[in-house]
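Observations on the three-dimensional arrangement
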Amino acid sequence: MNTLGVLRFVLAGKRAHFRRYYTNSSALSYPVPPPASLLGLMGAALGLGPEYGQALEGVFLAVRPLGRHRALMQTMSHLFLKRGGLEELRGLHPDGRTQIPIQMLVAEGGGSIRYEVWVASEDKALIWRLRGALEDPHYPLSLGPAFALAWVEELEEKEGLLKKTWKGKGIGWWRVGCLVNWSRTSETKLYRDRFPVLLSADRTPLCFEELVLELEGKPIEVDYRDWVLVLGENEGIGGLFITSKQDGTCM
């Protein structure tokens, strides 16, 4: 078991949208920020440019939704671009603008949409810098698009242990290929999808991971064969290390 510095915080906002990379005509959203989105948010807080992926490579990331969310379809008016000329950028294309439906996430019953996030690393100086950046971000934070502004609540530093296997209750997200078994009951709502983990400088996904999570953030019973973060409680936090192999696949 290895001891890591851990940053735990709640990421909140009025609305969110995390586009599923494989959708085109209708922009559907993941229910939680993918690993690539969380990395970008931390890079923005630190004031980093395209090098943020390298600066944060090797951190352990986990997230879960806090409470119920619901999805709304909203049509957005986008510039119609064919050649990217000045007239098109000014909105003067002969075909006008194009209307794209986007799935927005809001909190059920009103209020803020909220996610609990854990960031862990053996580099405790990095955790310290991240804490300062999230308290006073260099660039504005957002839950996806720039207009979906976000803020950080309940920011706290902890220490945690890593365990290679876990059998029992757990929260967070879980790599499907490492799950021997997980509970499916009438009280749990599971979501399974492929999430982008790392992006290139031009925002193209470099690698993906198939993950499963509980849509309301409830603990589920798992039998797991990969690293789990434990914070002194009898509950594991499923996550993944942000790093890639030379062939572009995720670790």
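Quick caveat: nothing in here was measured; it's all calculated off a predicted structure.

1. Observations concerning the overall build of the protein chain
- Helix and strand counts for the protein chain stand at four helices and 14 strands.
- Taken across its 251 residues, the protein chain has 46% of its residues classed as buried.
- A sequence separation of at least 24 residues applies to 77% of the contacts in the protein chain between residues at least 6 apart.
- In the form shown here, the protein chain has an accessible surface area of approximately 12,700 Å², with 49% of it arising from carbon and sulfur atoms.

2. Section: the pairing of strand β5 (residues 113-121)
- Burial analysis of β5 places eight of its nine residues in the buried class, which makes it a mostly covered element.
- Here strand β1 (residues 3-13) runs beside β5; their pairing, made up of nine bridges, is antiparallel. Residue pairing in the sheet places A12 in a bridge with R114 of β5.
- Here six bridges tie strand β2 (residues 60-65) to β5, and the two strands are oriented antiparallel to one another. Bridge pairing in β5 places A62 opposite W118.

3. Thoughts on helix α4 (residues 124-135)
- For α4, built from 12 residues, the straight-helix expectation of 16 Å at 1.5 Å per residue is met to within 8% by its first-to-last C-alpha distance of 17 Å.
- Buried within α4 we find L126, I127, L130, A133 and L134. For α4, the angular spread of the buried residues around the axis is 125°, confining them to a single face. Pointing more than 90 degrees away from the buried face of α4 are the exposed residues W128 and E135.
- Where α4 is buried, its residues meet β1, α1 (35-46), α2 (52-55), β5 and β6 (150-163).
- Capping the start of α4, D123 holds a side-chain oxygen 3.2 Å from the backbone nitrogen of A125, two or three residues further along.

4. Focus: the pairing of strand β7 (residues 166-175)
- With eight of its 10 residues buried, β7 lies for the most part within the structure.
- As paired elements, β7 and strand β11 (residues 220-224) share five bridges and run antiparallel to each other. Note on β11: the bridge partner recorded for W166 is Y224.
- With three bridges connecting them, β7 and strand β13 (residues 236-238) associate as parallel partners. When the sheet's bridge partners are listed, G170 is paired in β13 with G236.
- Both β7 and strand β10 (residues 205-214) contribute to a ladder of three bridges, which runs antiparallel. Looking at the pairing, W173 lines up with L213 of β10.

5. Description of the nonpolar core
- In terms of nonpolar packing, the biggest core is built from 52 residues, with L39, L61, Y115, V119, L143 and W173 touching the most fellow members.
- Considering every element that reaches this core, the biggest residue donor is β5, with six residues.
- Apart from residues no more than four positions distant in its own chain, L61 is found in contact with P35, L38, L39, M42, W118, V119, W173, G239, L240 and I242.
- Residues V176, C178, V212 and I220 belong to the second largest nonpolar core, which totals 12 residues.

6. What about the layout of surface pockets?
- Of the volumes computed, that of the largest pocket is approximately 870 Å³.
- What lines the largest pocket is a set of 32 residues, and nearest its centre among them are R19, S37, G144, P145 and R203.
- Elements that contribute at least two residues to the lining of the largest pocket include exactly α1, β4 (97-107) and β9 (190-199).
- Element by element, the count of residues in the lining of the largest pocket is highest for α1, at six residues.
- When grouped by side-chain class, the residues that make up the lining of the largest pocket number 21 nonpolar, nine polar and two charged.
- Computed from the structure, the second largest pocket encloses a volume of approximately 360 Å³.
- In terms of lining, the second largest pocket is formed by 20 residues, of which the most central are P50, Y52, G53, L199 and S200.
- The set of elements that each furnish at least two residues to the lining of the second largest pocket consists of α1, α2 and β9.
- The greatest single-element share of the lining of the second largest pocket, amounting to five residues, is contributed by α1.
- For the lining of the second largest pocket, the class distribution of residues is 11 nonpolar, seven polar and two charged.

Conventions used here
Residues numbered from 1 in each chain as written. Predicted model: local features only at pLDDT ≥ 70, side-chain atom pairs only at ≥ 80, totals over all residues. Heavy atoms only, no water. Helix = DSSP H or I, 4+ residues; strand = E, 2+ residues; numbered from the N terminus. Buried < 20%, exposed > 50% of the residue type's maximum accessible area, 1.4 Å probe, protein only. Contact = heavy atoms within 4.5 Å. Areas by Shrake-Rupley, 256 points an atom, 1.4 Å probe, with all protein chains shown as cover. Pairing = 2+ DSSP bridges. Expected span 1.5 Å × (residues − 1). Arc of directions from axis to C-beta. Polar contact = N/O pair within 3.5 Å; in protein donor to acceptor, adjacent residues only side chain to side chain. Core = buried A, V, L, I, M, F, W, Y, C linked by side-chain atoms within 4.5 Å. 1 Å grid on protein atoms, 1.4 Å probe; cavity = no way out; pocket = protein on both sides within 12 Å on 5 of 7 lines; lining within 4 Å. Points joined across faces, edges and corners; volume = space filled by probe spheres on them. Nonpolar A, V, L, I, M, F, W, Y, C, P; charged D, E, K, R; others polar.

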